[in-house]
Amino acid sequence: MTDYNFAYLDEQTKRMIRRAILKALAIPGYQVPFASREMPMPYGWGTGGVQVMAATLVPEDTLKVIDQGADDTTNAVSIRSFFERTAGVAVTEATAEATVIQTRHRIPETPLTEGQILVYQVPIPEPLRFLEPRETETRKMHALEEYGLMHVKLYEDIARHGTIATAYAYPVKVEGRYVMDPSPIPKFDNPKLDSAAIQLFGAGREQRIYALPPHTRVVSLDFEDHPFDPSRADHPCALCGATDSYLDEVITDDAGTRMFLCSDTDYCAGRQAAGHMGAAQAGAA
Amino acid sequence: MNMHATPTPDTPLLSVRGLTRTYGARIGCADVSFDLWPGEVMGIVGESGSGKSTLLSCMAGHLVPDTGEVLFDMGGTLRDTLTLSEPDRRRLGRTDWAFVHQHARDGLRMGVSAGGNVGERLMAVGARHYGDIRARAADWLDRVEIAADRMDDRPTAFSGGMQQRLQIARNLVTGPRLVFMDEPTGGLDVSVQARLLDLLRGLVREMGLSAIIVTHDLAVVRLLADRLMVMKDGRVVEQGLTDQVLDDPQHGYTQLLVSSVLQV
Ligand SMILES: Nc1ncnc2c1ncn2[C@@H]1O[C@H](COP(=O)(O)OP(=O)(O)O)[C@@H](O)[C@H]1O
Ligand SMILES: [Mg+2]
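Everything in this summary refers to the structure shown in the same document. The structure displayed is predicted, hence computed values, not measured ones.

Reading guide: rules and limits
- Residues numbered from 1 in each chain as written.
- Chains lettered and ligands numbered in written order.
- Predicted model: local features only at pLDDT ≥ 70, side-chain atom pairs only at ≥ 80, totals over all residues.
- Heavy atoms only, no water.
- Near = heavy atom within 4 Å.
- Polar contact = N/O pair within 3.5 Å; in protein donor to acceptor, adjacent residues only side chain to side chain.
- Areas by Shrake-Rupley, 256 points an atom, 1.4 Å probe, with all protein chains shown as cover.
- Helix = DSSP H or I, 4+ residues; strand = E, 2+ residues; numbered from the N terminus.
- Nonpolar A, V, L, I, M, F, W, Y, C, P; charged D, E, K, R; others polar.
- Salt bridge = Lys/Arg side-chain N within 4 Å of Asp/Glu carboxyl O.
- Buried < 20%, exposed > 50% of the residue type's maximum accessible area, 1.4 Å probe, protein only.

Take the site of ligand 1 next. Residue and element names in this part refer to chain B. All residues adjacent to ligand 1 are Tyr23, Arg26, Ile27, Gly28, Glu47, Ser48, Gly49, Ser50, Gly51, Lys52, Ser53 and Thr54. Take Tyr23: an N or O atom from its side chain is 3.4 Å from a nitrogen atom of ligand 1. Here Gly51 contributes a backbone N or O atom positioned 3.1 Å from an oxygen atom of ligand 1. Summarising the interface, the protein chains cover 62% of the accessible area of ligand 1, which totals 550 Å² for the free molecule. For the shell around ligand 1, the elements supplying multiple residues, two or more each, are strand E2 (26–36) and helix H1 (52–60). Partitioning the shell around ligand 1 into residue classes produces two nonpolar, seven polar and three charged.

Taken as a whole and judged by the stated rule, the model has 34 salt bridges over all chains. Among the salt bridges present, the one from Asp189 of chain A reaches Arg106 of chain A, with a minimum N-O distance of 2.7 Å. Here the residue Asp189 of chain A occupies a position in the loop between strand E7 (178–180) and strand E8 (198–203), and Arg106 of chain A occupies one in the loop between strand E4 (100–104) and strand E5 (117–121), the gap between them amounting to 83 residues. The same class applies to Asp189 of chain A and to Arg106 of chain A, which are both buried. Of the charged contacts in the structure, one is a salt bridge between Arg160 of chain A and Glu156 of chain A, with a shortest N-O distance of 3.2 Å. Of this pair, Arg160 of chain A and Glu156 of chain A both sit in helix H5 (residues 148–161), four residues apart, roughly one helical turn. A relative accessible area of 47% means that Arg160 of chain A is categorised as partly exposed. Through salt bridges with shared partners, one network takes in Glu132 and Arg134 of chain A together with Arg109, Glu120 and Arg170 of chain B.

Dropping the structure here:
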């Protein structure tokens, strides 16, 4: 651990990233360019989130890392051990105990509180990209609040599928100003973007940082006659019986038996520990 | 006494003054001035390279002229659109103004359905009711003779004539006060051109459109334009009422144009 500076990055780089984070917090939803550094892991592993994390961590922090809601996937385990080794910070799987949480693809079910920081790994930060590939033009559209194109995307969804089919990376408007891509979280998580925690978004390959300060107004885009619907699978969790959590569909045996389980493993374990039981548990009991 | 619903206004809709644009030592257009009155269609003709597209692009704000003014009636006063802030100029471009490109693919989103293409301008100015947007898009597709069952198809699946009609619908759906058109029938088969011309003429009459149409095809201006400007080497050599200019051309160059001696 003494081979590295605290949290791997040198102080000069961290200062540069912190400046970008502060600017991002000052202009909620605005994508701030930053000079992304090489990290000892591939881009697909969320180097943007890792750099933001490195610039945010202090020795007193308690770190939690999730990937798709789980603390025990390869990506989550690797990043967690990376910061254990390079920063020597405490780690946890309990959402409520963490001071900083790094995430890919989910917001924890347990409501975050003031003082917590949620850091997202972002693959593509630009919500206008798929209809307007020119970067010069998308920047101008943000600057001039020309967001009609976002609704063209939603219009196309409804025309083709009868409903807004966008289920991940569902675009939001931040404080009535910037349109933002919330990273590929399920739209089920969109209402949780309105949070007491600080939320930081890091895109490594694209070299962008953006942020939501606590209690920022975040509205999911929609039409008057097709309002935003953060729908979830219509099942209780098979393990803990939760009806308010985001579920993964899991195949449990060779016969193709399927089960719906909380994607947030900490939330599910916490409920089970508190005595809640789903159909699978009840059957086994 | 004869009461007119719309009295003849005393200010033009558009007033172009001394517009000049060069490309290095080469002249694009030079010292062009004219007024366009509400409800009027102005044709700009001339052979290839005479400066028509340069002039149109300068007027529409796509190209920055070296000198000159492009005054537009905004709330009763003429304002120089060249000195507008960029946000205001872009807003003008998606509200009061429309631009029909010669090549439909320059004016359409090829990856978006026909309905989405027409709806975009509505959404750009704040429409947020899907059913309303769709109904208005359907109405406009009908007006440009695109079958209702093609509404969710992308323009890549359309013929050249259909693409051009779609581009026109997309531009007119918000009822712009001024339409710029660059060779709207260029590059289409003759029979397709005729149908598009008929359609344009119908729309111009029905909507009382104010438009500036650039073309090298005298048949187009004969059908559509109230007045005509003839350009040569970047300059206007003759202008007047369309019938007058075409039937009794004064300038030697116009005489050559009209007699079809020039291969335009
Ligand atoms: N981008 C450009 N760079 C240099 N010269 C140009 C450019 N565009 C047009 N020109 C020149 O300006 C003159 C007018 O061209 P243009 O406006 O395209 O005429 P038209 O539309 O009547 O064919 C021509 O001499 C042409 O070669
Ligand atoms: Mg031209």
